[in-house]
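Remarks on the overall topology
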Amino acid sequence: MKKMDIIYEDKYLIIVNKPSGIFSISTLKEKEKTMYHEVYEYLRKKNQRVFIVHRLDKDTSGLMLFAKNVDVKNYFQDNWDKVTRKYVAVVEGVVKEDSKTIKNYLKENKNFVTYSDPNGKLAITKYKKIRSNKMYSLLEIEILTGRKNQIRFSMMDIGHSIVGDKKYGSLTNPIHRLCLVATSLTFIHPVYKKEMTFNINIPKEFLSLV
């Protein structure tokens, strides 16, 4: 793994830019090649602790927030619906509507694949089209709920799977990665009590597709 890309750090929290292809936390198959482990090792040398606040899919890149104590972790998890989370995706096809709110009720099967079910949990996904060409569309996406694979399923559901997302219907993979990145986080700092926003640039390879 390359040197960790730290976007912001203070006494209470740290925000990093997770690369695509890296797990957020350990799994049965992978214990150390994870974003959590990288942050843990970095903070251990400073005699600080780390607590997971949220996760990104292995193949999704972008902003991940970690807490440095239990109170901060609990603050974010208790107020996660108040954190504004925006993503950018390249999806297949020409998205006709410039903006839309997608609502689904989602469950996960035994193979960890998300599917629609009337008895599932509500997932609300909003998008705005940035631009498109004959093959792909570039979207800014905001999630109002935090269901697993929510964006990926929602894009497939409207007929525009995320480029590189074979699991959810994509037929193309021109840059050999999932074209989904967490680009923006906005929240009220748990201690400083002021609104803070963090952004990263859209990957150049995404822009080259559209």
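Everything that follows concerns the structure shown earlier in this document.
Described in the following lines is the structure provided in the data block. (Residues numbered from 1 in each chain as written. Predicted model: local features only at pLDDT ≥ 70, side-chain atom pairs only at ≥ 80, totals over all residues. Heavy atoms only, no water.)

Description of the overall build of the protein
Along the protein, the regular secondary structure elements total four helices and 11 strands. If one aligns the C-alpha atoms of the protein with their principal axes, the spans along those axes are about 50 × 35 × 35 Å. For the protein, buried positions account for 45% of its 210 residues. Restricting the contact set of the protein to residue pairs at least 6 apart, pairs at least 24 apart contribute 61%. Accessible surface, the protein: about 11500 Å² in total, of which carbon and sulfur atoms supply 49%. Charge separation in the protein, taken as the distance between the mean sites of 38 positive and 23 negative side-chain charges, equals 1 Å. (Helix = DSSP H or I, 4+ residues; strand = E, 2+ residues; numbered from the N terminus. Buried < 20%, exposed > 50% of the residue type's maximum accessible area, 1.4 Å probe, protein only. Contact = heavy atoms within 4.5 Å. Areas by Shrake-Rupley, 256 points an atom, 1.4 Å probe, with all protein chains shown as cover. Lys, Arg positive; Asp, Glu negative; His and termini not counted. Charge placed at Lys NZ, Arg CZ, Asp CG, Glu CD.)

Brief notes about unusual backbone geometry
One non-glycine residue, F112, adopts positive backbone phi at about 65°. Positionally, F112 belongs in the loop between β6 (99-108) and β7 (114-116). Phi at H176 takes a positive value of approximately 60°, unusual for a residue other than glycine. Along the chain, the position of H176 falls in the loop between α3 (150-157) and β10 (180-188). For H176, a relative accessible area of 68% puts it in the exposed group.

As for the nonpolar core
I15, F76, V90, M155, I162 and F187 are the most contacted members of the largest nonpolar core, which totals 53 residues. With residues up to four places along the chain from it excluded, the contact list for F187 reads L13, I15, L65, F76, V83, K194, E195, M196 and F198. (Core = buried A, V, L, I, M, F, W, Y, C linked by side-chain atoms within 4.5 Å.)

Section: the packing of aromatic side chains
Counted under the stated rule, the structure contains six aromatic pairs. Here the aromatic rings of Y36 and Y40 are separated by 6.3 Å at their centres, their planes lie at 20°, and the arrangement is stacked. You can see Y36 and its partner Y40 sitting in helix α1 (residues 35-44), four residues apart, about one turn around the helix. Each ring, one from F76 and one from F187, has its centre 5.1 Å from the other, and the planes form 90°; the classification is edge-to-face. Of this pair, F76 sits in helix α2 (residues 70-78) while F187 sits in strand β10; the two residues are 111 residues apart in sequence, bridging distant segments of the chain. The class for F187 is buried, based on a relative accessible area of 2%. Among the aromatic residues, those joined into a ring-pair cluster are Y8, Y75, F76, F187 and F198. (Phe/Tyr/Trp six-rings, centres within 6.5 Å; stacked < 30°, edge-to-face > 60°.)

Considerations on the environment of D57
If you trace the backbone, D57 turns up in the loop between β3 (51-52) and β4 (61-67). Each C-alpha atom, one on D57 and one on I22, is 8.4 Å from the other, the two residues being 35 residues apart in sequence. Those residues in contact with D57 that sit more than four places away from it in its chain are K18, N149 and R152. Within the structure, D57 has its side chain in polar contact with the side chain of R152 (distance 3.0 Å). (Polar contact = N/O pair within 3.5 Å; in protein donor to acceptor, adjacent residues only side chain to side chain.)

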